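Topology and contacts: notes
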Amino acid sequence: MDMVPQLTYYDMGPHVIAFSTTRRGGCSEGSYATFNVNEYCGDDYDHIRRNRQALCCLLGIPSSNLIYPHQIHESQCKIITSDFLSMPLARQKEYLEGTDALVTNEKGVCVAVSTADCVPVLLYDSVLGVVSAVHSGWRGTVKKIVSEAIRLMQIEFGSQVFNLKAVIGPSISCAAYEVGDEVYESFSHCGFPMDTIAQNINGRWHLDLPAANRWLMLQCGLLSENISFSGICTYGNSNEYFSARKLSVHSGRILTGIMLWI
């Protein structure tokens, strides 16, 4: 039977496809069921390959044009160019190693990041045709990776922040995201507005990672009306979206991607 991945789409404009995968429409099993394409979380390789093929078929692109890195919760951002696409696969993997955000202006190339509670952010320059996919967990948020991705779009492509649109995809909500004092202090030390992004619930700190990333984008100059939330808590909707905190790290990952139309 043909597999058709079930995606959550975001309306960012007529010339771009933006989405997050759900858990439906693939062939993975157990805690990876059913749709997972992340090869670093323990899933069966053949299932990953078949799921990836199904997604690329749905997007109308060759498998080689679906690009996502091996993330390590740092702030490294990389540009995907035509030169990258011509590299041997081993060179591509080396280039993508330790990267948590991708930027491209190549049409028909989907850049994406994997998450399972962390915040995926998609950025789109609707004037110059530049897109970015950002993985921002709490460490990446403290290191302001979304700000780094915006800066790269500005420096390398001349993007103006008032032309940027952003979507914050499925991620863990403040109510579900309890953190230790050391995490709270990390954000406070870096100047985040703790009265806005944190709550003390029953004597424990809870952090609002989507709000923290929105604040970073506003600090960069993005217009408030150009920043959208999916409104989906991964922890509370783990039957539809993977949640490492709910399902353990030995489970699948959401893929959140963006692609310029050919």
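Anyway, here's the lowdown on the structure attached to this text.

What counts, and where the lines are drawn
Within each chain, residues carry numbers counting from 1 in the order of the written sequence. This being a predicted model, a pLDDT of at least 70 is required before a residue's local features are given, and a value of 80 or more before pairs of side-chain atoms are given or counted; all residues contribute to the totals for chains, interfaces and linings. Only hydrogens and water are set aside; all other atoms, that is, all heavy atoms of the structure, feed into the side-chain values. Here a helix means four or more residues in a row that DSSP labels H or I, a strand means two or more in a row labelled E, and each is numbered from the N terminus. We call a residue buried when its accessible area falls under 20% of the maximum for its residue type, exposed when it is over 50%, and partly exposed in between, using a 1.4 Å probe and counting protein chains only. Contacts are assigned to residue pairs that have any heavy atoms within 4.5 Å of one another. We call Phe, Tyr and Trp rings a pair once their centres come within 6.5 Å, taking the six-membered ring for Trp, and we label the pair stacked below 30 degrees between planes, edge-to-face above 60, and tilted otherwise.

**A few points about the environment of Ser31**
Mapping Ser31 onto the fold places it in the loop between strand S2 (16–21) and helix H1 (45–59). A relative accessible area of 28% means that Ser31 is categorised as partly exposed. The sequence separation of Ser31 and Gln219 amounts to 188 residues, and the corresponding C-alpha distance is 38 Å. Contacts of Ser31, omitting those with residues within four sequence positions, involve Arg23, Phe242, His250, Ser251 and Gly252.

**Description of the packing of aromatic side chains**
A full pass over the atoms with the stated rule returns 4 aromatic pairs. Ring geometry for Phe84 versus Tyr95: centroids 5.5 Å apart, planes at 50°, classification tilted. Placement of the pair is Phe84 in helix H2 (residues 82–85) and Tyr95 in helix H3 (residues 89–96), with a sequence separation of 11 residues. Among the residues examined, Phe84 registers a relative accessible area of 1% and is labelled buried. Judged by relative accessible area, Tyr95 falls into the partly exposed class, the value being 25%. For the pair Phe192 and Trp215, a centre-to-centre distance of 5.2 Å together with 45° between the ring planes defines the contact as tilted. Of the two residues, Phe192 is situated in the loop between helix H6 (181–189) and helix H7 (194–197) and Trp215 in helix H8 (residues 209–220); the sequence distance between them amounts to 23 residues.

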